[in-house]
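Now for the letters of each chain:
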Amino acid sequence: MIEGFRSPEKTKSVLGIDIGSSAVRLLELSKVADGYRLEACLTEILPVLDTGRPPDHEALCQTITRLVRSSGTSLRSVMASVPDSSVKIKVVELPTGLSESEIEACMEVEIERNFPYSADETVFDYVLLPNNEQQPSAIRVLLVACRLQEVRARQHLFSSAGLDILALDVEGYALQRALLKAHEPVVVLVNIGSSSTTLSVLIGDCMLFHKEHALAGRALTEQIQSYYGLSLQEAELGKCRKNLPNDYSPSVLRPFLELLVDQVRSFRQLFLSAHPFSEINRLILAGGGAALDGLPHLLEESLELPVSIAHPFADMQYAESMKIPSDVAAFSLACGLALRGMDDSGH
Ligand SMILES: Nc1ncnc2c1ncn2[C@@H]1O[C@H](COP(=O)(O)OP(=O)(O)OP(=O)(O)O)[C@@H](O)[C@H]1O
Ligand SMILES: [Mg+2]
């Protein structure tokens, strides 16, 4: 097992860095007497590449270095993540009474059997889940595995920027940590990024259902680009600065939002057919796309559910020098990462 994918040492101040496909976000949190204090919260938007490829190693490394410098932090260890798409998660049932090394050996066998890469090419971690009362003779183990190459690439990126990785987390779990209270009833979390939108059904600290699709911010930018004959960069700026012709809202934005709402509706349908006795209580919108005009209202109307925009710092204190960004929902992942390194974040 590789250092870094394991649980981090818990500390009093933690840096979380979210490397998205359109932006890198840095967040520093400190533990204070009655909660957490936000010490720094910064974004650098990555250049929009017409190729659709993510920025290269060198560009990312410079971006991280600039963000760390601008934040003024003295920390040099970070919590980071690997994308959900590069992670496989499985619940494994084993007989009771196994030692830790026997459980670990069983996990290696599971990886050989169920994952596309051998145990040697995989980094994994596991936790014991609460017992299933109907099956007292078995233990349930949550196995999370990621391709070694992905982990090495992250380690290489951060070490090139002069930083160490405290631990790597799975994006879905970090979002959950930032936005859900323990024992919260069933919630749908929709994180609209640039290259992908992830949809999860969560209950307390358990993820019941998860799906990812490509209808996200970049797809809207491409539609603006082709509708108005702009470059990708111009389309992106026009979208975020709300500086597009008058027909943008009815002709481009509204059809896009309707497609997005359809995706959320069919996701809910899929979930409810797999869990027929469940009831969804509310929906949280996170990611940069949470700022899309009119989306909360359209979702509320269509799904008949209360919809809120994620505010991961709602219960936190702020350092005096802090300027709170307007797009707090886009910091949900960075916040969940920093919380993972805290000594009482729970999970
Ligand atoms: N005010 C705004 N209105 C509409 N879209 C916006 C606004 N602000 C940001 N966005 C969009 O949000 C997206 C970026 O969100 P986010 O930072 O969560 O993505 P990311 O983490 O870089 O991407 P991914 O998670 O897919 O790798 C971009 O597509 C951007 O255009
Ligand atoms: Mg993202």
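Below you will find a few notes about this structure. (Residues numbered from 1 in each chain as written. Chains lettered and ligands numbered in written order. Predicted model: local features only at pLDDT ≥ 70, side-chain atom pairs only at ≥ 80, totals over all residues.)

### Observations concerning the overall build of the chain
Broken down by element type, the chain carries 9 helices and 14 strands. Over its C-alpha trace the chain gives a radius of gyration of 21 Å, about what one expects of a compact globule, namely 20 Å for 347 residues. For the chain, the C-alpha atoms occupy an extent of roughly 65 × 50 × 45 Å along the three principal directions. A total of 347 residues make up the chain; the buried ones form 35% of that total. Residue pairs at least 24 apart in sequence account for 66% of intrachain contacts in the chain once pairs closer than 6 positions are excluded. (Helix = DSSP H or I, 4+ residues; strand = E, 2+ residues; numbered from the N terminus. Rg over C-alpha atoms; globule rule 2.2 N^0.38 Å. Buried ≥ 20, exposed ≤ 12 C-beta atoms within 10 Å, placed from the backbone. Contact = placed C-beta atoms within 7 Å.)

### Things to note about the sheet that holds strand β11 (residues 206–213)
Spatially, β11-β10-β9-β12-β13 is the arrangement adopted by the 5 strands of the open sheet, whose pairing is mixed. Each edge of the open sheet is held by one strand with a lone partner, namely β11 and β13 (307–309). With direction set aside, neighbouring strand axes in the sheet form an average angle of 20 degrees. Taken together, the 5 bridges between strand β9 (residues 187–192) and strand β12 (residues 282–286) define a ladder with parallel strand orientation. The partner of Val187 across the bridge, within β12, is Arg282. (Pairing = 2+ DSSP bridges. Axes fitted to C-alpha atoms, helices over the stretch in contact; angles between N-to-C directions.)

### Notes on the pairing of strand β2 (residues 23–32)
The sheet contact formed by strand β1 (residues 13–19) and β2 spans 7 bridges and is antiparallel. What sits directly across from Asp18, in β2, is Arg25. A loop of 3 residues connects β1 with β2, the two strands running antiparallel in sequence. Two strands pair when backbone bridges link them, and β2 and strand β3 (residues 35–45) are joined in this way by 10 bridges, in the antiparallel orientation.

### Examining the pairing of β3
Taking the residues that link successive antiparallel strands as the turn, the β2-β3 hairpin has 2 residues. Direction of pairing for β3 relative to strand β14 (residues 317–318): parallel, over a ladder of 2 bridges. Bridging from a neighbouring strand, Leu38 pairs with Tyr318 of β14.

### Observations concerning the packing of helix α4 (residues 171–179) against helix α9 (residues 332–340)
Helices that pack against each other are described as a pair by the angle of their axes relative to one another and the distance between those axes. The contact between α4 and α9 brings their axes to 7 Å, and the two run at 85 degrees. By the angle class used here, α4 and α9 are roughly perpendicular. Along its contact with α4, which presents Glu171, Ala174, Leu175, Arg177, Ala178 and Leu179, the element α9 presents Ser332, Leu333, Cys335, Gly336, Leu337, Leu339 and Arg340. Among the residues forming the contact of α4 with α9, the class breakdown is 8 nonpolar, 2 polar and 3 charged. (Parallel < 35°, antiparallel > 145°, perpendicular 65-115°, else oblique. Nonpolar A, V, L, I, M, F, W, Y, C, P; charged D, E, K, R; others polar.)

### Points about the site of ligand 1
Neighbouring ligand 1 are 22 residues, the closest being Gly20, Ser21, Gly193, Gly217 and Gly288. A per-class count over the shell around ligand 1 returns 6 nonpolar, 12 polar and 4 charged. (Near = placed C-beta within 6 Å.)

### Brief notes about the sheet that holds strand β8 (residues 164–170)
With mixed pairing, 6 strands are arranged side by side in an open sheet as β8-β4-β1-β2-β3-β14. Either end of the sheet is taken by a strand with one partner, and the two such strands are β8 and β14. Along the sheet, helix α1 (residues 57–71) makes contact with β1, β2 and β3, crossing β2 at roughly 35 degrees. In the packing of α4 onto the sheet, the strands contacted are β4 (77–82) and β8, and the crossing angle to β8 comes to about 90 degrees.

### A word on unusual backbone geometry
Of note in the backbone geometry, Lys242 takes a positive phi value of approximately 55 degrees without being a glycine. Its place among the elements puts Lys242 in the loop between α6 (232–240) and α7 (248–274). Looking at Lys242, the number of C-beta atoms within 10 Å reads 10, which means it is exposed. Located in the positive-phi region is Glu304, a residue other than glycine, with phi close to 50 degrees. Here Glu304 shows up in the loop between α8 (295–303) and β13.

### Observations regarding the nonpolar core
Core analysis: the largest hydrophobic core is formed by 80 residues, its most contacted members being Leu285 and Ala338. Counting residues per element, this core draws most heavily on α7, which supplies 7 residues. Setting aside residues up to four positions removed in sequence, Ala338 forms contacts with Val14, Leu15, Gly16, Leu27, Glu28, Leu29 and Met79. (Core = buried A, V, L, I, M, F, W, Y, C linked by C-beta atoms within 7 Å.)

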